[in-house]
There are 2 protein chains.
Amino acid sequence: MSLVNSYAVQNATTPLAPFQINRRTPGPEDVQIDILYCGVCHSDIHQARSEWGPSIYPMVPGHEIVGRVMSVGANVSKFKTGDLVGVGCFVDSCRTCPSCQAGEEQYCDNGMSATYNGYEKDKKTPTYGGYSTQIVVDHNYVLKVSEKLPLHAVAPLLCAGITTYSPLRKWNVKKGDKIGIIGLGGLGHMGVKFGVAMGADVTVLSHSPSKEADAKAMGAHNFLLSKDAGAMKQYAGYFDFLLNTVSAFNDYNEYLNLLKVDGTMVLVGAPPVPVPVSGFSLIGRRRRLAGSLIGGIRETQEMLDFCAEHNIVSEVEVIPISEINEAYERVLKSDVKYRFVIDCASLKQ
Amino acid sequence: MSLVNSYAVQNATTPLAPFQINRRTPGPEDVQIDILYCGVCHSDIHQARSEWGPSIYPMVPGHEIVGRVMSVGANVSKFKTGDLVGVGCFVDSCRTCPSCQAGEEQYCDNGMSATYNGYEKDKKTPTYGGYSTQIVVDHNYVLKVSEKLPLHAVAPLLCAGITTYSPLRKWNVKKGDKIGIIGLGGLGHMGVKFGVAMGADVTVLSHSPSKEADAKAMGAHNFLLSKDAGAMKQYAGYFDFLLNTVSAFNDYNEYLNLLKVDGTMVLVGAPPVPVPVSGFSLIGRRRRLAGSLIGGIRETQEMLDFCAEHNIVSEVEVIPISEINEAYERVLKSDVKYRFVIDCASLKQ
């Protein structure tokens, strides 16, 4: 075991503060990683504050982890010391259920081991996330990261990236499809970049007119101000696909009406309270409302490779760990363009 | 033009009563039909009472029509005098939009011509439905009906049949799939018969324990009492597909939780008020909530042929038109096994 620096919350109401945690001695299947950057996900805040059911404390958040391999176990051939690697939202799963067998470990029937606020496969050793200097992860749950991209801007791909890439692939978004990305934040801005790279005709839907310039700069072809009732009417029946990234309450029916026959709206963010859905919004045009949760290891690797090929990274603001509590407050005000990333060197001091 | 007997409502609050309507002189593309039976759909009641937005009065309801061809126009080769035929929920559509071109006229961009409570393609001549002795319909919107099946029990296939058949086909229900039919009424009982004929493992979900015997008699393999919380828990993550036929308020989240990863619940009935949907019900297992509206002409014919091949008909109670108002009250109390069908000979007297 080695004692490493981290930042943790001790309960739902304390701020993040320095804390030391033990990382296990790497076993034969493990990869020991020197964490270089870790993204700050909105879900870190929800969980730190126990807003998604009872959390496990102390908690070291962070599941958008990139770093370099320090050492590998005897049975690990895929990685070697010095390799750039990533770790996303989970660090293990049962490996035997149909979802695991299908390479969709995020839907593991026995519950994946979340990177933090979860337990290792033994269901009793708590996991600690990436707001720390090191992590030890089974090699089957470690991703290869290209040296071609700026590493600090790669970190958010491990959650925000795969969360938006996976549904676009699953629902077969392709050249010429008319797609809409609802909300231009940490998730939405990645959805725009992926949609553009896949050749789709991309519209950003936002209630903030101030987002239009950024949306266009990221490659979006159109901007639809969602509070402009007239504009919304013009887009009725327009879209093949909508990606709803909004985690505040929003009117699903209003968006469903923008879909063509057989169009799909996929939720990757969800408000804390249920949203009323009119059956008629779905029935009249055979529309679908679906959900999607991150992605499996295989698809996460595919996404990272796609990003290297298409030169896609997240738009980030890099911060030292000392600014993390302020960053949380800014995330809650949507005052970030578009993802905070912790420079984990600041944890070593 | 010919004057024919019918039953109509004159406004949202009057009962159905005898009324005479004009049917057009058949044109070169038309089929003139002697109506033998007409099913009574719950939507007849909603529309007669103007519960789905403003209705067009006087209204002759009925869109589950079977009869014999009396005459055909000069350009009609597919039908001849004496043929058994059916007419479903629409009698025309624009024929040029993508949905019409795809043979899915029910989603016509320019609005299909509903069989009643609608307008012909000229958008001004009101349509009158099957609670009458005759109807004249363009041959492209007329279906062939087999002589093999009891005709009175075929009538409901034109709406209840296609409404349930279409989503099972669209979502590729196949041998061995675990499917659930929510609600055992006019729609649900057809869903059971189709699911069984397609080789699926069929469970009926109902809040009435009294429905179990009928469900099993129709071929259902399992019965799940939806108000039994313990039983519902046992079925969590069990189904590949759910067909929700309930038009009263019901908790979608409770049913969504019964779906596997990538499972779909299709709505073919919808409560008058929106139903709260928790995004987490969808996201955590990549589930889908979809809608489906009747079916196109091509698929309706396919369904009728499937029924002839598999000896499938609706369970019906045949009534004379004089009992129609009482039948409406009984439908509202779910006191019908499982569809009322009007013997249209009673309109000729």
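These remarks concern the structure in this document. (Residues numbered from 1 in each chain as written. Chains lettered and ligands numbered in written order. Predicted model: local features only at pLDDT ≥ 70, side-chain atom pairs only at ≥ 80, totals over all residues. Heavy atoms only, no water.)

### Describing the overall build of chain A
Along its length, chain A carries eleven helices and 18 strands. The globule rule puts the C-alpha radius of gyration for 349 residues at 20 Å, and the 20 Å found for chain A is close to it. If one aligns the C-alpha atoms of chain A with their principal axes, the spans along those axes are about 60 × 40 × 35 Å. Relative to its full complement of 349 residues, chain A shows a buried share of 59%. Taking as baseline every contact in chain A between residues at least 6 positions apart, the subset at least 24 positions apart corresponds to 67%. Side-chain charges in chain A split into 33 positive and 35 negative, and the spacing between the mean points of these groups amounts to 5 Å. (Helix = DSSP H or I, 4+ residues; strand = E, 2+ residues; numbered from the N terminus. Rg over C-alpha atoms; globule rule 2.2 N^0.38 Å. Buried < 20%, exposed > 50% of the residue type's maximum accessible area, 1.4 Å probe, protein only. Contact = heavy atoms within 4.5 Å. Lys, Arg positive; Asp, Glu negative; His and termini not counted. Charge placed at Lys NZ, Arg CZ, Asp CG, Glu CD.)

### A short note on the pattern of salt bridges
Counted under the stated rule, the structure contains 44 salt bridges over all chains. Between Asp-262 of chain A and Arg-286 of chain A there is a salt bridge whose closest N-O contact spans 2.7 Å. Taken as a pair, Asp-262 of chain A in strand β14 (residues 259–267) and Arg-286 of chain A in the loop between α9 (279–283) and β16 (288–291) lie far apart in primary sequence, 24 residues in all. Close ionic contact of Asp-30 of chain B with Arg-24 of chain B constitutes a salt bridge, the shortest N to O distance being 2.8 Å. Overlapping salt bridges bring together Glu-104 and Lys-170 of chain A together with Asp-262, Arg-286 and Arg-288 of chain B as one network. (Salt bridge = Lys/Arg side-chain N within 4 Å of Asp/Glu carboxyl O.)

### Describing the relation of the copies chain B and chain A
Each copy superposes on the other: chain B lies on chain A with an RMSD of 0.0 Å after a rotation of 180° and an axial shift of 0.0 Å. Such a combination of turn and shift is consistent with a two-fold rotation axis. Residue Pro-276 of chain B, judged by its C-alpha, is the member of chain B lying nearest the rotation axis, at 1.9 Å. Residue by residue, 100% of the interface of chain B is reproduced at the interface of chain A, so both copies engage with the same surface. (Least-squares fit on C-alpha atoms with pLDDT ≥ 70 in both.)

### What to know about the packing of helix α4 (residues 160–170) of chain B against helix α10 (residues 297–310) of chain B
Packed helices, taken two at a time, are described by their axes: the angle between them and the distance between them. Residues and elements named next belong to chain B. The N-to-C vectors of α4 and α10 enclose an angle of 100°; their axes lie 10 Å apart at closest approach. Viewed along their axes, α4 and α10 adopt a mutual orientation that is roughly perpendicular. Note on element contacts: α10 touches α4 through Glu-299, Thr-300, Glu-302, Met-303 and Phe-306, opposite Gly-161, Ile-162, Tyr-165, Ser-166 and Arg-169. Residues belonging to the contact of α4 with α10 are distributed by class as follows: four nonpolar, three polar and three charged. (Axes fitted to C-alpha atoms, helices over the stretch in contact; angles between N-to-C directions. Parallel < 35°, antiparallel > 145°, perpendicular 65-115°, else oblique. Nonpolar A, V, L, I, M, F, W, Y, C, P; charged D, E, K, R; others polar.)

### A short note on the packing of aromatic side chains
Centre-to-centre distance and the angle between the planes together describe a pair of aromatic rings. Evaluated as defined, the whole model comprises 16 aromatic pairs over all chains. A ring pair is formed by Phe-194 of chain B and Phe-306 of chain B, whose centres lie 6.1 Å apart and whose planes are at 55°; its orientation type is tilted. In this pair, Phe-194 of chain B is assigned in helix α5 (residues 186–197) and Phe-306 of chain B in helix α10, connecting sequence segments 112 residues apart. Assessed through its relative accessible area of 0%, Phe-194 of chain B is described here as buried. Between Tyr-238 of chain B and Phe-239 of chain B the ring centres are 4.9 Å apart and the planes differ by 85°, which places this aromatic pair in the edge-to-face class. According to the relative accessible area criterion, Tyr-238 of chain B is partly exposed, its value standing at 22%. Aromatic rings pair up to connect Tyr-165, Phe-194 and Phe-306 of chain A into one cluster. In this structure, Lys-144 of chain A packs its charged tip against the face of Phe-79 of chain A, placed 5.0 Å from the ring centre. (Phe/Tyr/Trp six-rings, centres within 6.5 Å; stacked < 30°, edge-to-face > 60°. Lys NZ or Arg CZ within 6 Å of the ring centre and 35° of its normal.)

### Points about the interface of chain B and chain A
Tallying the contact residues gives 36 residues for chain B and 36 residues for chain A. Both faces combined, the contact of chain B with chain A buries some 2,900 Å², and carbon together with sulfur accounts for 62% of it. Area buried by chain B at its contact with chain A is led by Tyr-107, Ile-283 and Arg-286 of chain B, which between them contribute 24% of it. Taken together, the links from chain B to chain A amount to six salt bridges. Between Glu-104 of chain A and Arg-286 of chain B there is a salt bridge, and its shortest N-O distance comes to 2.6 Å. Here chain B is connected to chain A by twelve residue pairs in polar contact (both at pLDDT 80 or more). Broken down by secondary-structure element, the contributors of at least two residues to the side of chain B that touches chain A are α4, β14 (259–267), β15 (275–277), α9 (279–283) and β16 (288–291) of chain B. Of the residues belonging to the side of chain B that touches chain A, the class tally is 20 nonpolar, eight polar and eight charged. When strand β15 (residues 275–277) of chain A meets β15 of chain B, the two strands line up antiparallel, connected through three bridges. For Pro-276 of chain A, the partnering residue across the bridge sits in β15 of chain B and is Pro-276 of chain B. (Buried area = accessible area lost by both parts, 1.4 Å probe. Polar contact = N/O pair within 3.5 Å; in protein donor to acceptor, adjacent residues only side chain to side chain. Pairing = 2+ DSSP bridges.)

### Some thoughts on the pairing of strand β4 (residues 65–72) of chain A
As defined by bridge partners, strand β3 (residues 30–40) of chain A adjoins β4 of chain A across seven bridges and the pair is classed as antiparallel. The partner of Tyr-37 of chain A across the bridge, within β4 of chain A, is Val-66 of chain A.

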